[in-house]
Amino acid sequence: MTGPGSGALSAARRHHELDRLADDPTVDVLVIGGGVTGAGVALDAAARGLSVVLAERHDLAFGTSRWSSKLVHGGLRYLATGNVGIAHESAVERGLLMTVVAPHLIRSMPQLVPLLPSVGRGESALVRAGFLAGDALRAAARTPAALLPRSCRVDADRAAALVPAVRRDGLRGGLLAHDGQLVDDARLVVALARTAATFGARILTRVSAHAATAETAVLHDEITGGDFTVRARAVINAAGVWAGHVDPSIALRPSRGTHLVLDAAVLGHPTAALTVPIPGATNRFVFALPAQLGRVYLGLTDEDAPGDIPDVPHATDTEIDFLLDTVNTALATALTRDDVLATYSGLRPLLRTADGDGATADLSRKHAVVRAEGRPIGIVGGKLTTYRKMAQDALDAAVAATGLPAGPCNTHRIPLVGAANRTSLARLPAPVSLVRRYGTEAAQLTADPGRLDPVAPGLDVCRAEFDFAITHEGALDADDILDRRTRIGLVPADRAAAHEAALSVLAEHRLA
Ligand SMILES: Cc1cc2nc3c(=O)[nH]c(=O)nc-3n(C[C@H](O)[C@H](O)[C@H](O)COP(=O)(O)OP(=O)(O)OC[C@H]3O[C@@H](n4cnc5c(N)ncnc54)[C@H](O)[C@@H]3O)c2cc1C
């Protein structure tokens, strides 16, 4: 099934829906931007019974949403800055995502702060107090401790078992807490867009929006070059760090965050995130996060990034050195640049504050609905974890402003495509890595044993995943497959090894 009602996105569906829209270019809600925010808005609006078009100028998750740390976090860091409201909102959203909305894509991830001589008794007491506050946040959000276990202290042997590369000299144990971790951020965006499509939303990638007003926008098909004007009862600007290009009255102050990609082997295949306090800073850490495909993501920087907004931001040498130097304070054997397989960087769409010149690390991570006469409704700031609440606030504002005939938000009750409870997921007769990426849909991927061979030697991604990206996830070319549906492309050597397979699968589907 490829029409409304189906969550299968494909080139054929895109083509058909663009034709339909050109014939009748009126819609209740036009969403500009296919990151986590726009996909969340499209789902919220479609699930309220509205007709929806989402226009994304590149591909789903092309922007910041694929460059995150992939954490669905409980808001602990906001407590430290006194933002109790944001912290509670994060914890509530994390609980909803982990239990109802996307349990298949999110796991409970242990985080270890090793107690080394560089972490004094005072600092360790502070971290312990923070972790206890995190437990209280989780309990207040009614997320069961069975899902996110209480924080605790572990001995040196347990700490070293969780992160084998940790320095043993002077190790007095570790502090352990749990948070939510996505298998991948781009997969969340695709699952949101596909779920919106099951409610009839038209998800149009390679379609940019121009000259947007409160009720119209010119849509440009980046493939054919065709233009047409869409009329909507509400236009929503979810263009992330590019929101100011869509509506010049929106002022953002982007901040760059960089991660390094490492082979998990160089840290001894850790099963917990190594969490290292940044020397000289309070309540700031560098994380080495175990990730899919045998990788570790080491992050995170926070650098003011004024000026032009690149399509794909890049790390600086200073950021790379900072991350390596900081993690090395906790390792038995220091990592060097030779251990870095790749880097990735993203721009946080932070709202410019009134004084405008505080450090970006201290800028509010709050989201805001921006409304100005004659302009689209803007939804900016925020974070991946709270996309659902951001979407709800944007839609509520649109309904209030335009009188759209919409029911109340119900996305807190809607499981995304592939979702099921953890017991059912554990019983699925499919490889764990496929269940973690596709949930119940893993069964469709394993239907043809002839497609389960890896796309390149040593890569835990099979040909069936490339097929599924094309037939169900709206991938239109090799970049979509390699860089966003699978994250093979995060490491250039892996990308080169799998490129040929992507082209051949595209050819089999007549898309080459
Ligand atoms: C390094 C880093 C780490 C982070 N880690 C986390 C984390 O672990 N957990 C967490 O909760 N949050 C995290 N965040 C925050 C989170 O990633 C972002 O807040 C979120 O992804 C922003 O999503 P968005 O949809 O608003 O923007 P984007 O993902 O950038 O989406 C905007 C989209 O709009 C499209 N677009 C722009 N202009 C147009 C146009 N004219 N027409 C059509 N389309 C257009 C773009 O192509 C883009 O795809 C992190 C952020 C960064 C930078």
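The structure displayed is predicted, hence computed values, not measured ones.

Caption draft 1: Here's a closer look at the site of the ligand. Around the ligand, the structure places 37 residues, and the nearest of them are T37, E56, S65, L71 and T385. Contacts to the ligand include R57, whose backbone N or O atom sits 3.2 Å from a nitrogen atom. Protein chains bury 96% of the 1,000 Å² of accessible surface belonging to the ligand in isolation. Within the residue set of the shell around the ligand, elements represented by two or more residues are helix 2 (36-47), strand 2 (52-56), strand 8 (207-210) and strand 16 (340-348). Here the residues of the shell around the ligand are counted per class, giving 15 nonpolar, 17 polar and five charged.

Caption draft 2: Region of the structure containing the packing of aromatic side chains. Throughout the structure, instances matching the rule amount to three aromatic pairs. Between the aromatic rings of Y297 and Y344, the centroid separation amounts to 5.6 Å while the plane-to-plane angle is 90°, which identifies the pairing as edge-to-face. With Y297 in strand 14 (residues 295-299) and Y344 in strand 16, this residue pair connects regions lying 47 residues apart in the sequence. With respect to burial, Y297 and Y344 carry one shared label: buried. The rings of W67, Y297 and Y344 are connected pair by pair, giving a single aromatic cluster. The residue whose ring lies beneath R57 is W242, and the NZ or CZ to ring-centre distance is 5.2 Å. One residue, R66, lies across the ring of F62, its end atom 4.8 Å from the ring centre.

Caption draft 3: Fine view of the side chain of T216. Structurally, T216 can be placed in strand 9 (residues 216-221). Using a relative accessible area of 15% as the deciding quantity, one classes T216 as buried. Once residues lying within four places of it in the same chain are set aside, the contact partners of T216 are A211, T229, V230, R231 and V235.

Caption draft 4: Just unusual backbone geometry, in detail. Even without glycine at this site, A211 takes up a positive phi of about 45°. Mapped onto the elements of the fold, A211 is located in the loop between strand 8 and strand 9. Residue classification places A211 among the exposed positions, given a relative accessible area of 59%. One non-glycine residue, H269, adopts positive backbone phi at about 55°. With respect to the secondary-structure elements, H269 resides in the loop between strand 11 (255-263) and strand 12 (273-277).

Caption draft 5: Looking closely at the environment of R150. Tracing the sequence through the fold places R150 in the loop between helix 5 (121-140) and strand 5 (152-154). A relative accessible area of 58% means that R150 is categorised as exposed. The spatial distance from the C-alpha of R150 to the C-alpha of V266 is 29 Å, given a sequence separation of 116 residues.

Caption draft 6: A look at the pattern of salt bridges. The tally for this structure, following the rule as stated, stands at 31 salt bridges. One salt bridge in this structure joins R168 and D157, with 2.9 Å as the shortest N-O distance. Placement of the pair is R168 in the loop between helix 6 (156-162) and strand 6 (174-182) and D157 in helix 6, with a sequence separation of eleven residues. Overall, the relative accessible area of 52% leaves D157 in the exposed class. Note that R253 and D304 form a salt bridge whose closest N and O atoms lie 3.0 Å from each other. Here R253, found in the loop between helix 8 (243-246) and strand 11, pairs with D304, found in strand 15 (residues 303-304); they are 51 residues apart in sequence, far enough to count as distant. For R253, a relative accessible area of 10% gives the class buried.

Caption draft 7: Looking closely at the domain arrangement of the chain. Per the domain assignment, the segments making up the chain are domain 1 (11-65 + 186-249 + 361-413), domain 2 (102-180 + 255-348) and domain 3 (422-508). Opposite the 13 residues of domain 1 that make contact, domain 3 presents twelve residues. Here domain 1 meets domain 3 over a buried area of about 1,100 Å², counting both sides, of which 42% is carbon and sulfur. The largest per-residue losses of area from domain 1 upon contact with domain 3 belong to D59, R187 and R194, which jointly make up 51% of the total buried on that side. Our enumeration of links across domain 1 and domain 3 arrives at six salt bridges. In this structure, D59 and R485 form a salt bridge, with 2.7 Å as the shortest nitrogen-oxygen distance.

Caption draft 8: Focus on helix 10 (residues 387-402). Here helix 10 spans 22 Å end to end across 16 residues, near enough to the 22 Å set by a 1.5 Å rise per residue. Taken together, the buried positions of helix 10 are occupied by Y387, R388, M390, A391, Q392, A394, L395, A397, A398 and V399. Elements that come into contact with the buried residues of helix 10 comprise helix 2, helix 4 (84-101), helix 7 (185-198), strand 10 (227-237), strand 17 (367-370) and strand 18 (377-381).

Caption draft 9: Highlighting the pairing of strand 4 (residues 106-114). Summarising burial for strand 4: seven of the nine residues are buried, a large majority. In this structure, strand 4 lies alongside strand 6, joined through nine bridges in antiparallel fashion. In the strand pairing of strand 6, R107 is matched with Q181. One ladder, built from two bridges, connects strand 4 with strand 12; its direction is parallel. Across the sheet, the residue bridging to L112 is L274, located in strand 12.

Caption draft 10: Molecular detail of helix 15 (residues 478-485). Counted residue by residue, helix 15 has seven buried out of eight residues, so it is predominantly covered. For helix 15, the full list of buried residues reads A478, D480, I481, L482, D483, R484 and R485. The secondary structure elements touched by the buried residues of helix 15 are helix 7, helix 14 (463-471) and helix 16 (492-508).

Caption draft 11: Just the environment of L137, in detail. Inspection of the secondary structure puts L137 in helix 5. In the structure, L137 is positioned 68 residues away from T205 in sequence and 38 Å away in space, judged by C-alpha atoms. Residues contacting L137, with those up to four places away along its chain left out, are G74, G75, L76, L79, A87, H88 and A91.

Cut-offs and rules
Residues numbered from 1 in each chain as written. Predicted model: local features only at pLDDT ≥ 70, side-chain atom pairs only at ≥ 80, totals over all residues. Heavy atoms only, no water. Near = heavy atom within 4 Å. Polar contact = N/O pair within 3.5 Å; in protein donor to acceptor, adjacent residues only side chain to side chain. Areas by Shrake-Rupley, 256 points an atom, 1.4 Å probe, with all protein chains shown as cover. Helix = DSSP H or I, 4+ residues; strand = E, 2+ residues; numbered from the N terminus. Nonpolar A, V, L, I, M, F, W, Y, C, P; charged D, E, K, R; others polar. Phe/Tyr/Trp six-rings, centres within 6.5 Å; stacked < 30°, edge-to-face > 60°. Buried < 20%, exposed > 50% of the residue type's maximum accessible area, 1.4 Å probe, protein only. Lys NZ or Arg CZ within 6 Å of the ring centre and 35° of its normal. Contact = heavy atoms within 4.5 Å. Salt bridge = Lys/Arg side-chain N within 4 Å of Asp/Glu carboxyl O. Domains from an automatic or database assignment. Buried area = accessible area lost by both parts, 1.4 Å probe. Expected span 1.5 Å × (residues − 1). Pairing = 2+ DSSP bridges.

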